[in-house]
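Notes for the structure review
Each chain, written out:
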Amino acid sequence: MDTLKNYLPLCWFNANPLELTRSVGFFKQNLWVYFVVEFFLQANMTDDPFESFFEVALETVLTLLLVFVLLYLNKNLYTFIQVATAVLFCSNAAAFAVLPALVWMTITEDVLSYYVLGLLIFWDYTLLAYILRRVLSINVPASLVLALFYFAATYYGAFALGQLL
């Protein structure tokens, strides 16, 4: 529970991912939650649970691979657990906020639900940009570009690889 309290301020841009508690157990828990929530979201968008499982597995591998490569190139691979946990934790927080918005959007098709969903996706994007800015010691525009690359590589990359395989 203490580890959760340490990571929670990250969702409000108030923590440095490099100063967070290193916990392999918390990393594994976030990895499982990330996989399950993303699978739930993906399975609701497609009709094939096997395809959803495969795409989410690819997305998870690509997420961890991108974090690994960025940290390796920046020569601070020793922070992999903290940074990967921060990325997964923030994605999980955003996904849990997106779930009710998706239900609202599906049931009512209210225009406001689309705006809320867009705002939550933007929040997830800015959280990742914040993490990258703090970890890689880069400026805001560079972190925004890297975050955009991350989302394109993980989500569209997983979709493209899923279509190829």
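Scroll up to find the structure.
Attention here is on the structure that accompanies the text. Numbers given to residues run from 1 along each chain, matching the order in which its sequence is written. Thresholds applied to this predicted model are a pLDDT of at least 70 for local features of residues and 80 or more for the giving and counting of side-chain atom pairs; totals over whole chains, interfaces and linings are not thresholded and use all residues. Excluded from the side-chain calculations are hydrogens and water; all other atoms, namely the structure's heavy atoms, are used.

**A closer look at the packing of aromatic side chains**
Each Phe, Tyr or Trp ring, with Trp reduced to its six-membered ring, pairs with another whose centre is within 6.5 Å; inter-plane angles below 30 degrees give stacked pairs, above 60 give edge-to-face pairs, and intermediate values give tilted ones. Here the structure, examined in full by the defined rule, presents 13 aromatic pairs. For the ring pair Phe68 and Tyr72, a centre distance of 6.3 Å and an interplane angle of 10 degrees mean the geometry is stacked. Of this pair, Phe68 and Tyr72 both sit in helix H3 (residues 49-73), separated by 4 residues, roughly a single helical turn. Judged by relative accessible area, Phe68 falls into the partly exposed class, the value being 37%. With a centroid separation of 5.5 Å and an interplanar angle of 10 degrees, the aromatic rings of Phe151 and Tyr155 are classed as stacked. Taken as a pair, Phe151 and Tyr155 lie in helix H6 (residues 140-164) at a separation of 4 residues, close to a single helical turn. Here's how the labels work: a residue is buried when its accessible area is under 20% of the maximum for its type, exposed when over 50%, partly exposed in between, all with a 1.4 Å probe on protein chains only. You can call Tyr155 partly exposed: its relative accessible area is 25%. Here a set of aromatic residues connected by ring pairs shows up, and it is made of Phe122, Tyr125, Tyr150, Phe151 and Tyr155. Numbering of helices and strands starts at the N terminus; helices are DSSP runs of H or I of at least 4 residues and strands are runs of E of at least 2.

**Considering the packing of helix H5 (residues 111-136) against H6**
Structural elements are reduced to axes, namely lines fitted to C-alpha atoms, with helices fitted over the stretch in contact, and the angle between N-to-C directions of any two is expressed from 0 to 180 degrees. The geometry of H5 relative to H6 is characterised by a closest axis approach of 8 Å and an angle of 120 degrees between their N-to-C directions. Looking at the two axes, H5 sits oblique to H6. Regarding H5 and H6, the two cross each other, and that crossing is right-handed. Two secondary-structure elements touch here, H5 through Asp124, Tyr125, Leu128, Ala129, Leu132, Arg133 and Leu136 and H6 through Val140, Ser143, Leu144, Val145, Leu146, Ala147, Leu148, Tyr150, Phe151 and Tyr155. For classification, angles of less than 35 degrees are called roughly parallel, those exceeding 145 degrees roughly antiparallel, those between 65 and 115 degrees roughly perpendicular, and all remaining angles oblique. A clockwise turn of the near helix away from the far one marks a right-handed crossing, whereas an anticlockwise turn of less than a right angle marks a left-handed crossing. Only heavy atoms enter the contact rule, under which two residues are in contact if any of them lie within 4.5 Å.

**What to know about the nonpolar core**
Residue types Ala, Val, Leu, Ile, Met, Phe, Trp, Tyr and Cys, when buried and joined through side-chain atoms within 4.5 Å, form a set referred to as a nonpolar core. By size, the foremost hydrophobic cluster in this structure holds 34 residues, and its most contacted members are Leu10, Phe80 and Ile131. Counting only elements with at least two residues in this core, the list comes to helix H2 (24-45), H3, helix H4 (80-108), H5 and H6. When near neighbours in sequence (up to four residues on either side) are disregarded, Leu10 contacts Ala15, Pro17, Leu20, Ala86, Cys90, Leu127, Tyr130 and Ile131. In this structure, Val98, Met105, Leu117 and Leu120 belong to the second largest nonpolar core, which totals 5 residues.

**Thoughts on the environment of Tyr72**
Of the residues examined, Tyr72 reaches a relative accessible area of 54% and is grouped as exposed. Along the chain, Tyr72 and Leu58 lie 14 residues apart, while their C-alpha atoms are 20 Å from each other.

**Looking at empty space enclosed by the protein**
A 1.4 Å probe that fits but cannot get out identifies a cavity on a 1 Å grid over protein atoms alone, an open set with protein on both sides within 12 Å along at least five of seven lines counts as a pocket, and a residue lines either if it has an atom within 4 Å of a point. Grid points are joined across faces, edges and corners, and a volume is the space filled by probe spheres set on the points. On inspection of all chains with the given rule, the structure shows 2 cavities of 30 Å³ or more. Lining the largest cavity are Leu66, Val67, Leu70, Leu71, Val83, Val87, Leu128, Leu132, Val135, Leu136 and Tyr150. Of all the secondary-structure elements, those providing two or more residues to the lining of the largest cavity are H3, H4 and H5. In this model, the second largest cavity occupies a volume close to 40 Å³. Lining the second largest cavity are Val87, Cys90, Ser91, Asp124, Leu128, Tyr150 and Phe151. When contributions to the lining of the second largest cavity are tallied by element, the ones reaching two or more residues are H4, H5 and H6. Of the residues forming the lining of the second largest cavity, the biggest block, 3 residues, is contributed by H4. Put simply, Ala, Val, Leu, Ile, Met, Phe, Trp, Tyr, Cys and Pro go in the nonpolar bin, Asp, Glu, Lys and Arg in the charged bin, and everything else, Gly too, in the polar bin. For the lining of the second largest cavity, a count of residues per class yields 5 nonpolar, 1 polar and 1 charged.

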